[in-house]
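Tertiary structure, described
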Amino acid sequence: MGSATSRPQPLSTAKNTLWNLTGCLFYLGCQWLTTVIVVVLSSDYSNSGFLAFAMSIGNMFASLALYKIRTYQVSDIANEHSSGEYVAFRFATIAASFALLTIYLIVIAPGDAMVVSTLAFLLFKADETFADVLYGVDQKYGRMDYIGKSQILRGLATIIGFTVPLAITGSVTHAIFGMTLLCFVNTILYDVRHARRLDSIAPRFNKADLTKLAKACALPTIANFCATSIVSVVRQNYGILAGDELLGIYASIATPAVLIQAGTAFLYSPLIGKMASSLYSEGKLEFRKVFLKVLLSIAVIMTLGVIALSFVGEDSLIFIFGEGLEPHAWIFPYVLAGTVSIAILLYINDALIILRDNRTQIAINALALILAAMLSKPLIASFGMNGVNLAILAAVIPAAFIGFTKIMMNCNKQSDE
């Protein structure tokens, strides 16, 4: 256990931001490379389809298992709950989420092979979400360099663990098990050891405390599950309607765009604490200024990213994945547009959490998910692969606009009083 006198000293905000962004982008880049490797080392796009389907279920699992508790954990300055209680709570959410998504998977999966490969991927995500609670300890004590270094090691483990079994056996299930094993090793040998330097992480299962944590983040978790399920539901519908191979082609085109979305989130996440501080120390008008400034920064960063990728994206995708993608590569700008809309919705969600406006968060994300479920099949039927992107845009844009308007109205109340 790290005592106040013996634990490592915190780093500056700039260093923490740089380490966090570098490590997380590297890890996400390695995740994307698995979608390239599975195409290169496979005879067709079926393995890619299996992986894309597993990833869509894995994203739903992660949104439940994470339980939107990281922000709550990091901002628990008064230590209302110990690190051991957060670790115990994460064990509980992982177990419950695994059981729930396994049932969902068995109901919707079109074949046994897809069930097995997806269950393997859920084990991978279980390790990833457990590491996240340890990252919360690192972030709380100002050592996000531990997070960045861990993500770099985890990225390397992902590539090696995935590539070697796939090259030897040709089985994407074996490849997923391989990267899961190496990432488990990284969690035990690196993440656990470094988190222990900062605080005691021995799990403490106290029913009253676990219930209190469950209630505190229940509504934000439901809202986050809806938000992260939008893309998953649309992709799953496309896979069911079009088949594994076309889903694999779409995933190969779409995955690079996710790097922009995730990179933006990792860039502003260290500023969430400052946004909360501006709200509680200076009021809603100051919060509105910070909110709009960060939103403008996100818009600028994502616009530059979209412009750059639009110029080189289609040719690069064809070069990386082969001529088989050429008939479909034209949808890439639409993929980028969908990615931008999701990133903005997720930022608005974070702002609503800081404002403690859970009702609006639930309403807009539920609306987006319902629209995605309703519109995806008819849009896919009418527009083919690009129907996936159109369904995402049609679902997310109204939700993001309503959320933005509600934030502005909420902040304006102070000036009217």
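Residues numbered from 1 in each chain as written. Predicted model: local features only at pLDDT ≥ 70, side-chain atom pairs only at ≥ 80, totals over all residues. Heavy atoms only, no water.

The next subject is the overall build of the chain. Along the backbone of the chain there are 15 helices and zero strands. Residue burial in the chain is summarised as follows: out of 417 residues, 55% are buried. Restricting the contact set of the chain to residue pairs at least 6 apart, pairs at least 24 apart contribute 83%. Surface summary for the chain: the accessible area is close to 17600 Å², and the carbon and sulfur share equals 68%. (Helix = DSSP H or I, 4+ residues; strand = E, 2+ residues; numbered from the N terminus. Buried < 20%, exposed > 50% of the residue type's maximum accessible area, 1.4 Å probe, protein only. Contact = heavy atoms within 4.5 Å. Areas by Shrake-Rupley, 256 points an atom, 1.4 Å probe, with all protein chains shown as cover.)

We now examine the side chain of asparagine 237. Turning to its location among the elements, asparagine 237 is positioned in helix H9 (residues 218–242). Reaching out from asparagine 237, the side chain makes a polar contact with the side chain of serine 376 at a distance of 2.8 Å. Not counting the four nearest positions on each side in its chain, asparagine 237 is found in contact with Ala373, Ser376, Lys377 and Ile380. (Polar contact = N/O pair within 3.5 Å; in protein donor to acceptor, adjacent residues only side chain to side chain.)

Mapped onto the elements, serine 232 comes out in helix H9. Beyond its immediate stretch of four places on either side in the chain, serine 232 contacts Ser56, Asn59 and Met60.

Between the first and last C-alpha of helix H13 (residues 332–354) there are 34 Å, a value that for 23 residues agrees with the 33 Å anticipated at 1.5 Å per step. Judged by how many residues are buried, H13 sits mostly within the fold: 17 of 23 residues are covered. Taken from the residues just after H13, arginine 356 is the one with a positive phi, measuring 60°. (Expected span 1.5 Å × (residues − 1).)

Secondary-structure assignment places leucine 346 in helix H13. What makes leucine 346 partly exposed here is its relative accessible area of 22%. Separated by 118 residues in the primary sequence, leucine 346 and threonine 228 have C-alpha atoms spaced 8.8 Å apart.

Packing of helix H2 (residues 46–66) against H9 leaves a shortest axis separation of 8 Å and a crossing angle of 175°. The angle between H2 and H9 falls in the class roughly antiparallel. Residues Phe53, Ser56, Ile57, Asn59, Met60, Ser63 and Leu64 of H2 pack against Thr221, Asn224, Phe225, Thr228, Ser229, Ser232 and Gln236 of H9. For the contact of H2 with H9, a count of residues per class yields five nonpolar, nine polar and no charged. (Axes fitted to C-alpha atoms, helices over the stretch in contact; angles between N-to-C directions. Parallel < 35°, antiparallel > 145°, perpendicular 65-115°, else oblique. Nonpolar A, V, L, I, M, F, W, Y, C, P; charged D, E, K, R; others polar.)

Below, the discussion takes up the pattern of salt bridges. Under the criterion given, the structure shown has nine salt bridges. Among the salt bridges present, the one from glutamate 80 reaches lysine 212, with a minimum N-O distance of 2.3 Å. With a gap of 132 residues between them, glutamate 80 in the loop between helix H3 (70–74) and helix H4 (83–108) and lysine 212 in helix H8 (residues 207–216) connect regions that are remote in the sequence. When the shortest N-O distance is used, the salt bridge between lysine 125 and glutamate 128 registers 2.5 Å. Remark: glutamate 128 and lysine 125 occur in helix H5 (residues 112–140); sequence separation between them is three residues, near one turn of the helix. The class of lysine 125 is buried, set by a relative accessible area of 7%. Look at glutamate 128 and you get buried, because its relative accessible area is 18%. A single network of salt bridges, built from pairs that share partners, joins Arg70, Arg90 and Asp132. (Salt bridge = Lys/Arg side-chain N within 4 Å of Asp/Glu carboxyl O.)

Our next topic: a nonpolar patch on the surface. Together, Phe26, Leu153, Leu156, Ile160, Val164, Ile168 and Leu182 make up an exposed nonpolar region whose accessible area comes to about 610 Å². No other element matches helix H6 (residues 144–169), which puts five residues into the nonpolar patch. With respect to the helices and strands, the residue leucine 156 is situated in helix H6. (Patch = residues over 30% accessible without salt bridge, like charges linked within 9 Å, V, L, I, M, F, W, Y side chains within 5 Å.)

One broad rule of soluble globular proteins: the nonpolar side chains tend to lie buried together. Grouped together as the largest cluster of nonpolar side chains are 109 residues, with contacts concentrated most on Phe162, Tyr250, Phe287, Phe291 and Ile407. Excluding residues within four positions of it along the chain, phenylalanine 291 makes contact with Met275, Tyr347, Ala351, Phe404, Ile407 and Met408. (Core = buried A, V, L, I, M, F, W, Y, C linked by side-chain atoms within 4.5 Å.)

Another point: the packing of H9 against H13. The contact between H9 and H13 brings their axes to 11 Å, and the two run at 180°. Between H9 and H13, the crossing angle belongs to the class labelled roughly antiparallel. In this structure, H9 uses Pro220, Ala227, Ile230 and Val231 to contact H13, whose residues at the interface are Ile342, Leu345, Leu346, Asn349 and Ile353. Its residues placed into classes, the contact of H9 with H13 shows eight nonpolar, one polar and no charged.

Below, the discussion takes up the packing of aromatic side chains. Scanning all chains against the criterion turns up eight aromatic pairs. Between phenylalanine 121 and phenylalanine 124 the ring centres are 5.4 Å apart and the planes differ by 40°, which places this aromatic pair in the tilted class. With a gap of three residues between them, phenylalanine 121 and phenylalanine 124 both fall in helix H5, about one helical turn apart. Taken together, the aromatic side chains of Phe287, Phe291, Tyr347 and Phe404 make up a single cluster linked through ring pairs. The residue whose ring lies beneath lysine 149 is tryptophan 19, and the NZ or CZ to ring-centre distance is 5.1 Å. (Phe/Tyr/Trp six-rings, centres within 6.5 Å; stacked < 30°, edge-to-face > 60°. Lys NZ or Arg CZ within 6 Å of the ring centre and 35° of its normal.)

It is worth spelling out the environment of alanine 368 at this point. Within the secondary structure, alanine 368 is located in helix H14 (residues 358–383). Of the residues examined, alanine 368 reaches a relative accessible area of 0% and is grouped as buried. Each C-alpha atom, one on alanine 368 and one on isoleucine 392, is 8.5 Å from the other, the two residues being 24 residues apart in sequence. When sequence neighbours within four positions are dropped, the list of residues in contact with alanine 368 reads Ile230, Ala395 and Ala399.

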